[in-house]
Amino acid sequence: VLVVSQVAFSFVLLIGAGLMLRSLVKMLEVNPGFVPQHVLAMRVNFNWSKYKTSARYSVLGKKLVDRIEGEPGVISAAVASTYPLQPEVLSGGPNSNGFQIEGRPLGPGEAPPIANIVIVSPEFFRTLGIPLIRGREFLPSDDAKESKIVIINQAMQRRFWPAEDPVGKRVSFDDGTNWWRIVGVVGDVHDVGLDRKPALQAYACLAQGGGVGTLLVRTAMNPAGMGDSLTRAVHDVDPTTAVSEVLTLDRARSDSLSSPRTTASLLGLFAALALLIATAGIGGILALMVSQRVHEIGIRMALGASRKEVLRMVLAQGAKMAIIGVAIGLAAALGLTRLMSKLLFGVSAHDPVTFLAVAGLLVLVALGACYRPAWRATRVDPATALRYE
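(A) How the structure looks around the packing of aromatic side chains. Scanning all chains against the criterion turns up 9 aromatic pairs. Plain terms: the ring middles of Phe11 and Phe355 are 6.3 Å apart, the flat faces sit at 65° to each other, and that makes the pair edge-to-face. Of the two residues, Phe11 is situated in helix H1 (residues 2–28) and Phe355 in helix H11 (residues 352–378); the sequence distance between them amounts to 344 residues. Grouping residues by exposure puts Phe11 and Phe355 together as buried. Centroid distance Phe124 to Tyr203: 5.8 Å. Interplanar angle 45°. Geometry classified as tilted. Taken as a pair, Phe124 in helix H4 (residues 124–128) and Tyr203 in strand E10 (residues 201–205) lie far apart in primary sequence, 79 residues in all. Under the relative-accessibility criterion, Phe124 is labelled buried at 2%. In this structure Tyr203 comes out as buried when scored by relative accessible area, which is 2%. An aromatic cluster is defined as three or more aromatic residues linked by ring pairs; in this entry it consists of Phe99, Phe160, Trp161, Phe173 and Trp180.

What follows is the structure, encoded as structure tokens:
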């Protein structure tokens, strides 16, 4: 009973670890919507007392981008209010805002749709490798004197303009006081986690208002080694600007998976320990059975039983315990995995591939544990066993 229970418990833990591992692999296969390689993100804190207007903010952003792009090894640079998979966004949520579409009034009691708003400089999409689907990107000529413009992502287009071109349409983020004209559509970005669908996203131009706090730099070399030189370049533009965080987007992507990776590792460790205990239990029980049945085995072999038949008999006893344990574990796992369904991504809680693989693994390990006691049983000398009796 103890050995069967150990096998069943091992099965449940292995199923949990297997599902989390497959879920983690699915997350790694997700296209984040941008190119994280060779991109450095720097959190910059500007002196608010010096830059009280949007115009001054825009001038500072342009100076900073121009200065950084002049550094050796820099391909392009941009400033933005946030960056994809930023830890603060993952934990606290994005900067979202209600909006309305021109010509589509809300019904009585109807809540306005919500979109995430990101303030960016014109170089943002090129620096992150976000593809332009239709329309155009922001241009240096897009300033506060021009009409307000915005770029949306594909998720927003699919939601509100599934069968038409949204370029030229207008939206408002301040209850109709100002209207932003859509000039382009870009690809979806997984800003708030690889395990979540891309949110409705709108990008506003820095020159037309808004604050930024992130410097993004695409480099031709390893960006991790350029933090100090780029920090000095920031201070050259404004010595009062503080750089509070420097990390690569590759690191940000890896950190965003830390929780599922830790869960999979812990479940895997517990499952491996449980499997080891179950294996030792099966081998120990069979060794005891063989030692207690030496006389019986000797009689069987004296009456003509072959070594293969004795080996098959002992292996069948071990396999029986393993199969019963797997059956009990299967019933338990089918119920318990429902509780972890919210932790999974791209994998069903009853994934047949995982269940079959774990069941096969447990049976194979059990047969391996049975082999040594079974082999010892075939070494019994009938004459010696009968003489001992």
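(B) Main features of unusual backbone geometry. Phi is positive for Leu85, which is not a glycine, with a value near 65°. Within the fold, Leu85 resides in the loop between strand E2 (74–80) and helix H3 (87–92). Positive phi is not limited to glycine here, since Asp175 has a value of about 60°. Within the fold, Asp175 resides in the loop between strand E8 (170–172) and strand E9 (180–186). The exposed category is assigned to Asp175, whose relative accessible area is 73%.

(C) Main features of helix H6 (residues 227–237). Taken as a whole, H6 has its buried residues at Gly227, Leu230, Thr231, Ala233 and Val234. Looking straight down H6, one finds that the buried residues subtend no more than 155° of arc, so they occupy a single side. Set apart from the buried face of H6 by more than 90 degrees, the exposed residues are Asp228, Arg232 and Asp236.

(D) Looking closely at the nonpolar core. Among the nonpolar cores identified, the biggest contains 40 residues, and Phe11, Ile15, Ile282, Ile297, Val314 and Leu362 are the most heavily contacted of them. Elements that contribute at least two residues to this core include exactly H1, helix H8 (258–292), helix H9 (294–302), helix H10 (307–336) and H11. The dominant element in this core, judged by the number of residues it contributes, is H1, at 10 residues. With 39 residues, the next largest nonpolar core counts Ala77, Phe99, Ala115 and Trp180 among its residues.

Calculation notes
Position numbers for residues start from 1 in each chain and track the written sequence from start to end. Given that this is a predicted model, residues contribute local features only at a pLDDT of at least 70 and side-chain atom pairs are listed and counted only at 80 or more, while totals for whole chains, interfaces and linings are drawn from all residues. Processing note: side-chain calculations cover all non-hydrogen atoms of the structure and skip hydrogens and water entirely. When two rings of Phe, Tyr or Trp (its six-membered ring) have centres within 6.5 Å they constitute a pair, described as stacked for plane angles under 30 degrees, edge-to-face for angles over 60, and tilted for the intermediate range. Think of it this way: any DSSP run of H or I at least four residues long counts as a helix, any run of E at least two long counts as a strand, and we number them from the N terminus. Burial classification: accessible surface area is computed with a 1.4 Å probe over protein chains only, and a residue below 20% of its type maximum counts as buried, one above 50% as exposed, and the rest as partly exposed. The directions considered for the arc run from the helix axis to the C-beta atoms. The nonpolar core is taken to be a set of buried Ala, Val, Leu, Ile, Met, Phe, Trp, Tyr and Cys residues, with the residues joined through side-chain atoms within 4.5 Å.

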